[in-house]
Amino acid sequence: MKILDWYILKRYLGTFFMMILLFIPIGIIVDVSEKIDNILKNEVPFNAIIFYYINFTVYFANLLFPLFVFLSVIWFTSKLANKTEIIAFLSSGVSFWRFLRPYMIGAVIICFGALAMGLFLAPKASQGFNEFKYNYLHKNRKVQETQNVYRQLNDSMFLYANNFKPLEKSATNFTLEHFDENKLKTKISANSIVFKDSIYELKDYVKRIILEDRDIIEKAISKDTVLPFNIDEFTPVTYVAETLNYTELNKFIEKESKRGSSDINRYKVVAYKRWSIPVSAFILTIIGVAVSSMKRRGGMGVNLAVGISLAFIFIFFDKVLGTLANQSDFPPVIAVWFPNVSFGILAIYLLYNAKR
């Protein structure tokens, strides 16, 4: 790369990391001010608080990654424009596309960093972040379904429980049914079920095997047996998809799809976002350059105002459509990729006008 490339690339990456180092402490301070009363009230251990804010740092950086990229590009590109450095570059015979090249190189570097964070680091951070909140700060808040739980294990097996207690790994009024070509073949029921030492203990156990000409009924006051499901998967916590890495999440979505999970859209939104967020690095970089590469009357303030407005419109669409997909039948792939596609079209339009 030439001097121009190194100059812009260093400014791009340097400003990006400066934004992260600037906003994360602010985010931590705001979060501490909101949670300090609950932390003191619940006597949260100091080491748990430290690990929480380590996880919070990764979680916060991954969440606001597009905003950091956008503000970084607008900030340092506006400074270049105000000092007429961009005019000097272009006047020396450098084309606008050539001027854009170091920005794209920087976007590639940030994209791969965001991809690695989203696929592997952010899930671990999300798990610690959410567990801290629900273990220490929101102990009574419902994070998974516990009443009248109905689950489809596979194409032929269904289970039901009246009252599921995740911490105790137990449930009441339990029923497990096995079908063959839409015909009930086996039904296991119990007043209570408890998972202990890799086996299930069933109280008031009844097993009914349905044959062509008769039924076979087996009863027991208590019975220890193995069943084809893990009680931790009985009803996953609402944030479970955020805590799984790429491979685990794909397997989880496949399994939940076969079970007919009502939260499958929520899980797919999380999976698609792990790819859409890094792609937004390119789109927001192009928009940032197009918006701030010209020297304007009013200086950097105008560019920052325009840039921040566009960034919040992007985040608005992303959050609204994501919520819509989570709570309805709206296609998750459209909800996740619509902001990138629409802003990609905007990026092409702005870049064409900036080039002119």
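Trainee: Could you give me a rundown of helix 5 (residues 96–137), with the residues and numbers involved?
Mentor: Taking 1.5 Å per residue as the helical rise, helix 5 with its 42 residues ought to reach 62 Å, whereas the 52 Å between its terminal C-alpha atoms falls clearly short. The largest bend in helix 5 comes to about 50°, at leucine 121, with the proline proline 123 one to four residues further on.

Trainee: Please give an account of the sheet that holds strand 6 (residues 215–225) that cites residues and values.
Mentor: Within the open sheet, the 6 strands sit side by side as 1-2-3-4-5-6. Their pairing is antiparallel. Edge positions in the open sheet fall to strand 1 (147–152) and strand 6, since each of these has one partner strand only. Recorded for the sheet is a direction-independent mean angle of 15° between the axes of neighbouring strands. Pairing between strand 2 (residues 157–165) and strand 3 (residues 170–180): 7 bridges, direction antiparallel. Within the sheet, the bridge partner assigned to asparagine 163 lies in strand 3 and is threonine 172.

Trainee: Talk me through the environment of tyrosine 136; I want residue IDs and the actual numbers.
Mentor: In this structure, tyrosine 136 sits in helix 5. Separated by 93 residues in sequence, tyrosine 136 and glutamate 43 have C-alpha atoms that sit 8.5 Å apart. Leaving out residues up to four positions away in the same chain, tyrosine 136 has contacts with Asn42, Val44, Pro45, Ala48 and Glu131.

Trainee: Give me the pairing of strand 4 (residues 183–196): which residues, what numbers.
Mentor: When strand 3 meets strand 4, the two strands line up antiparallel, connected through 10 bridges. Across the sheet, residue leucine 176 finds its bridge partner in strand 4, namely isoleucine 188. Counting the residues that bridge the hairpin from strand 3 to strand 4 gives 2 residues, and of these glutamate 181 lies at a positive phi of roughly 55°. In this antiparallel pair of consecutive strands, strand 4 and strand 5 (residues 199–210), the connection spans 2 residues, and aspartate 197 shows a positive phi of 50°.

Trainee: Just give me the short version of the environment of glutamate 131, but keep the residues and values in it.
Mentor: For glutamate 131, the position within the fold is in helix 5. For glutamate 131, a relative accessible area of 33% gives the class partly exposed. Distance in space between the C-alpha atoms of glutamate 131 and tyrosine 239 is 9.6 Å, their sequence separation being 108 residues. When neighbours within four sequence positions are excluded, glutamate 131 is seen to be in contact with Tyr136 and Tyr239.

Trainee: Tell me about the layout of surface pockets, and please be specific about residues and values.
Mentor: A volume near 960 Å³ is recorded for the second largest pocket. Lining the second largest pocket are 36 residues; nearest its centre among them are Tyr59, Leu63, Glu242, Lys273 and Lys319. Listing elements by their share of the lining of the second largest pocket, those giving two or more residues are helix 2 (46–63), helix 3 (65–82), helix 5, helix 7 (264–292), helix 8 (300–326) and helix 9 (332–355). In terms of residue count, the dominant contributor to the lining of the second largest pocket is helix 7 (9 residues).

Trainee: Residues and numbers for the packing of aromatic side chains, please.
Mentor: Enumeration according to the criterion identifies 25 aromatic pairs in this entry. Between tyrosine 246 and tryptophan 275 the ring centres are 5.6 Å apart and the planes differ by 80°, which places this aromatic pair in the edge-to-face class. In this pair, tyrosine 246 is assigned in helix 6 (residues 246–259) and tryptophan 275 in helix 7, connecting sequence segments 29 residues apart. What makes tryptophan 275 partly exposed here is its relative accessible area of 36%. Taken together, the aromatic side chains of Phe23, Tyr52, Tyr53, Phe56, Tyr59, Phe60, Phe68, Phe129, Phe132 and Tyr136 make up a single cluster linked through ring pairs. One residue, lysine 223, lies across the ring of tyrosine 205, its end atom 5.5 Å from the ring centre.

Conventions adopted
Residue numbering note: each chain is counted from 1, following its sequence as written. Since the coordinates come from a predicted model, pLDDT governs what is reported: local features require at least 70, and pairs of side-chain atoms require 80 or more to be given and counted, while whole-chain, interface and lining totals use all residues. Calculation of side-chain values draws on the structure's entire complement of heavy atoms; hydrogens and water are dropped beforehand. Numbering goes from the N terminus for both helices and strands, where a helix is a DSSP run of H or I of at least four residues and a strand is a run of E of at least two. Here a helix's expected span is defined as the number of its residues, less one, multiplied by 1.5 Å. Working definition for bend: take the seven residues up to and ending at a residue and the seven starting at it, fit an axis to each, and measure the angle between the axes. At least two DSSP bridges between two strands are required for those strands to pair. Fitted lines through C-alpha atoms give the axes, limited to the stretch in contact for helices. The angle between two N-to-C directions lies from 0 to 180 degrees. What makes two residues a contact is simply this: any of their non-hydrogen atoms within 4.5 Å. Burial here depends on accessible area, computed with a 1.4 Å probe over protein chains only, as a share of the maximum for the residue type. Under 20% is buried, over 50% is exposed, and the range in between is partly exposed. The method works on a 1 Å grid over the protein atoms by themselves. A cavity is a set of points holding a 1.4 Å probe that cannot get out, a pocket is an open set with protein on both sides within 12 Å along at least five of seven lines, and residues with an atom within 4 Å of a point line them. Grid points are joined across faces, edges and corners, and a volume is the space filled by probe spheres set on the points. Each aromatic pair joins two rings of Phe, Tyr and Trp (for Trp, the six-membered one) with centres within 6.5 Å, and gets the label stacked for planes under 30 degrees apart, edge-to-face for over 60, and tilted for any other angle. Each ring is checked for a lysine NZ or an arginine CZ that lies within 6 Å of its centre and within 35 degrees of its normal; such an atom marks a charge sitting over the ring.

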